[in-house]
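Chain by chain, the residues run as shown.
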Amino acid sequence: MEVVICKDAAQVGAVAAAKVAQVARRVGPSVVLGVATGSSPLALYSELAALVAAGSIDLSHASAFALDEYVGLPQGHPESYAEVIRRTVTEPLGLDPSRVHVPDGFADDLALAAEQYEAAIAAAGGVDVQILGIGANGHIGFNEPTSSLSSRTRIKILTPRTRADNARFFDSPEQVPIHCLTQGLGTILDAREVVLVANGQSKADAVRAAVEGPLTAMVPASVLQLHRFATVVVDEAAAAGLTTGDFHAFIRDNKPEWQRY
Ligand code: GLP
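Now for a quick tour of the structure. (Residues numbered from 1 in each chain as written. Predicted model: local features only at pLDDT ≥ 70, side-chain atom pairs only at ≥ 80, totals over all residues. Heavy atoms only, no water.)

Quick word on helix α2 (residues 42–53)
Spelled out, the test is: For helices the rule is a DSSP run of H or I covering at least 4 residues; for strands it is a run of E covering at least 2, with both sets numbered from the N terminus onward. In this scheme, a helix's expected span is set at 1.5 Å multiplied by one less than its residue total. Think of it in three bands: with a 1.4 Å probe and only protein chains considered, a residue is buried below 20% of the maximum accessible area for its type, exposed above 50%, and partly exposed in between. Note that the arc is defined by the directions from the helix axis to the C-beta atoms. Contacts are residue-level and defined by heavy atoms, with any inter-residue pair within 4.5 Å sufficient.
For α2, which comprises 12 residues, the first-to-last C-alpha distance of 17 Å matches the rise-based estimate of 16 Å (1.5 Å per residue) to within 8%. Those residues of α2 that fall on the buried side of the exposure criterion are Leu44, Tyr45, Leu48 and Ala49. For α2, the angular spread of the buried residues around the axis is 140°, confining them to a single face. The elements touched by buried residues of α2 are α1 (9–27), β2 (32–35), α3 (81–93), β6 (129–132) and β9 (193–198). Residue glycine 55 follows α2 closely and has a positive phi angle near 75°.

So this is what it looks like as structure tokens:
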């Protein structure tokens, strides 16, 4: 796992976007992106949009797969992840909407929708680079503590903490759905590269547990310790709990040129 500690959220966005752009250039215009909702990756998406506008990367034939979706919101609800991804990813990056996929939380048969989502990812050739945020309780996607470390896309129930954290997007806490569809931890591990971004002191415990703690279903993000190519990009506040911070700074300062991005 590579851990990059940045001075602020803007630098987190720039560094994480550079990593995603490196993959996009290597794979080419048909790159398959894994995309996350939440506030953490917004700076990353802005930076990527700037790279697209500058002609520095070509996403003209790119596909994207979102991690998760609420169940129970009316179709077109502004806080449905289908809408959030359209506003924050599809439009700013100029992706072809027909190649942007979000789990179908509106389906009558949610178990079938979950299976079909897995099949769609496989049919696209798998995810080249998965962008992740992290919940304050260590969740990735909507894989809450005690999620199976080998889980696939499925229906889950959100914890009270996650519902409270996400209540800021709704008029009242009761409006936050209880159920969701989310890619599993096994699905996420299948991505060829993973880039997790986190900012702020509220994420410090989750980042420490994910990076330095034991591999445990109680901290779903700790499963990234099993991934061959996981990059964690955090600001100083989110890195505050790491006991290995100095070591990561030393690595950054001594990186060989060929490993830089
Ligand atoms: C939601 C999403 C996650 C995201 C998390 C953190 O629960 N399902 O994918 O990582 O929120 O969001 P934020 O980045 O806004 O803190």
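Quick word on the pairing of β9
Keep this limit in mind: Two strands are counted as paired when DSSP detects at least two bridges linking them.
Burial analysis of β9 places 6 of its 6 residues in the buried class, the great majority of the element. Burial along β9 is two-sided: Glu193, Val195 and Val197 and Val194, Leu196 and Ala198, pointing in opposite directions, are all buried. Alignment of β6 against β9, held across 4 bridges, turns out to be parallel. Residue pairing in the sheet places isoleucine 131 in a bridge with valine 195 of β9. Bridge analysis of β9 against strand β10 (residues 230–235) gives 5 bridges, and the strand direction is parallel.

Digging into the packing of aromatic side chains
Heads up, the condition is: Pairing of aromatic rings covers Phe, Tyr and Trp, the last through its six-membered ring, and needs centres within 6.5 Å; plane angles under 30 degrees mean stacked, over 60 mean edge-to-face, and all others mean tilted.
All told, the structure shown has 5 aromatic pairs when counted by the stated rule. Ring centres of tyrosine 81 and phenylalanine 142 lie 5.6 Å apart, and the angle between their planes is 15°; on these two criteria the pair is classed as stacked. Of this pair, tyrosine 81 sits in helix α3 while phenylalanine 142 sits in the loop between β6 and β7 (154–157), and the two are 61 residues apart along the sequence. For the pair formed by tyrosine 81 and phenylalanine 142, the shared burial category is buried. Taken together, Tyr70, Tyr81, Phe142 and Phe170 form an aromatic cluster joined through their ring pairs.

Remember that the coordinates give geometry; whether it matters functionally is a separate question.
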